[in-house]
Amino acid sequence: MADSDSDNDGLSLFDIVWEDVLYVKLFPLLSLKDLFNLRCCSHLAKTFVDNGLRRLQEVNLSGNNSPHLDLAFAVLAENCRNVRVINLARCNWLQDSVLCPLLKHNHRLTKINLSDCHNITPRSMQPIIIGCKQLTTLKLSHCHWLTIGAMEALTLHHTKIQELDVSHCAALNERCLSVFLLNCRMLRTLSLSNVPAVTDNLLFAIAKHSKFIKNLNLVGCYHITDRGVLALAFCCKELESLMVRECPNITERSLAVLRGRVFIDRPRLYQPDMNMVPNMGYPRLFLQV
């Protein structure tokens, strides 16, 4: 019994099988913060975490601007090789020099969110465009650095994108967006909020090339009119939601066609039931009209 106790005292966490037990059962339960705390404990712990990061499939640091986070991110870039989803929205510390290595080492990325990342440049789009051939979701809201050239390159190499958010990307023009719609026929969700280039012509392109679109955000697109929305109503039969707040030229004339089958972020304007108007001497026919 004494010998048995002595043997048990020498066991540690890392004596458990790594590949079949620790990486399968324990590793998924630990947050990134937990993993980096564990990584600091010993050389063996560092080896365990670094090897485990090669299995990591999701990196979510959205809104995290802790001091020296760029140093921790460099560790992820060095070790991660199997990431499928990356969310770095609102990360003010993010720069091309730390982002590009991670993108270059993870070609199986399917979802990327870089919204509100103001300190990167179109250079970060290059590994996405060239290497991430399985990309289906790309969110670049408030990315003022997104250029027409980057958008055209994305269109040239990607045809399987199902969700795109380029809200507030003022540098884009109607032509590059139209070409994107022409090539990406699998698009299901599109956000063009506050993009000045959006006109009825672009809505006609959506109606023609994106017939299976489900969610469309046009908030703040002040050039569009009822003509464009009516084209969507008659061609996009699978449309589920339409955002048209702050679109002064959109009226109930077009929205009424969609109501009942599509969620619209603008309530129906109140129209009194004329049959309930008290008779004050006017002809009944006038009241009905």
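Residues numbered from 1 in each chain as written. Predicted model: local features only at pLDDT ≥ 70, side-chain atom pairs only at ≥ 80, totals over all residues. Heavy atoms only, no water.

Under the annotation held in an unreviewed UniProt entry, the chain carries the name F-box/LRR-repeat protein 15-like leucin rich repeat domain-containing protein and is attributed to Anopheles christyi.

As for the packing of aromatic side chains
Going through the model one piece at a time under the given rule, you end up with eight aromatic pairs. Look at Phe 14 and Trp 18: their rings are 6.1 Å apart centre to centre, the planes differ by 65 degrees, and that puts the pair in the edge-to-face class. (Phe/Tyr/Trp six-rings, centres within 6.5 Å; stacked < 30°, edge-to-face > 60°.)

Quick word on the packing of helix H10 (residues 200–209) against helix H11 (residues 226–235)
Viewed as axis vectors pointing N to C, H10 and H11 meet at an angle of 5 degrees, and their least axial separation amounts to 8 Å. With respect to H11, the axis of H10 lies roughly parallel. On the side of H10, the interface is formed by Asp 200, Leu 203, Phe 204, Ile 206 and Ala 207, while H11 contributes Arg 227, Gly 228, Val 229, Ala 231, Leu 232 and Cys 235. Partitioned by chemical class, the residues of the contact of H10 with H11 number eight nonpolar, one polar and two charged. (Axes fitted to C-alpha atoms, helices over the stretch in contact; angles between N-to-C directions. Helix = DSSP H or I, 4+ residues; strand = E, 2+ residues; numbered from the N terminus. Parallel < 35°, antiparallel > 145°, perpendicular 65-115°, else oblique. Contact = heavy atoms within 4.5 Å. Nonpolar A, V, L, I, M, F, W, Y, C, P; charged D, E, K, R; others polar.)

Some remarks on the sheet that holds strand S3 (residues 111–113)
Strand order in the open sheet formed by nine strands is S1-S2-S3-S4-S5-S6-S7-S8-S9, with parallel pairing between adjacent strands. Both outer strands of the open sheet, strand S1 (58–60) and strand S9 (263–264), are each paired with one neighbouring strand and no more. The pairing of strand S6 (residues 189–191) with strand S7 (residues 215–217) spans three bridges and is classified as parallel. Pairing of Ser 191 across the sheet is with Asn 217, part of S7. (Pairing = 2+ DSSP bridges.)

Looking at the state of the cysteines
Counting across every chain of the model gives zero disulfides. Of the cysteine sulfurs around Cys 176, a residue in no disulfide, the closest is that of Cys 169, at 9.9 Å. (Disulfide = S-S within 2.5 Å.)

Side note on the pattern of salt bridges
Here the structure, examined in full by the defined rule, presents twelve salt bridges. Residue Asp 50 is joined to Lys 46 by a salt bridge in which the shortest nitrogen-to-oxygen separation is 3.1 Å. One end of the pair, Asp 50, and the other, Lys 46, are both in helix H4 (residues 43–53), four residues apart, so they sit about a helical turn from each other. A relative accessible area of 10% places Asp 50 in the buried class. A relative accessible area of 36% means that Lys 46 is categorised as partly exposed. For the salt bridge of Lys 214 with Glu 240, the shortest nitrogen-to-oxygen distance reads 3.7 Å. (Salt bridge = Lys/Arg side-chain N within 4 Å of Asp/Glu carboxyl O. Buried < 20%, exposed > 50% of the residue type's maximum accessible area, 1.4 Å probe, protein only.)

Points about the nonpolar core
Counting residues in each nonpolar core, the largest one holds 89 residues, and the members touching the most others are Phe 73, Leu 94, Leu 114, Leu 192, Leu 218 and Leu 242. Not counting residues up to four positions away in its chain, the partners in contact with Phe 73 are Leu 61, Leu 88, Trp 93, Leu 94, Val 98, Leu 99 and Leu 102. (Core = buried A, V, L, I, M, F, W, Y, C linked by side-chain atoms within 4.5 Å.)

Structural notes on helix H9 (residues 174–183)
All of the buried residues along H9 are Cys 176, Leu 177, Phe 180 and Leu 181. Down the axis of H9, the sector holding all buried residues measures 140 degrees, keeping them to one side. If you follow the buried residues of H9, they end up packed against helix H8 (148–157), strand S5 (163–165), S6 and H10. Two or three places before Arg 175, at the opening of H9, Asn 173 has a side-chain oxygen 3.3 Å from that residue's backbone nitrogen. (Arc of directions from axis to C-beta. Polar contact = N/O pair within 3.5 Å; in protein donor to acceptor, adjacent residues only side chain to side chain.)

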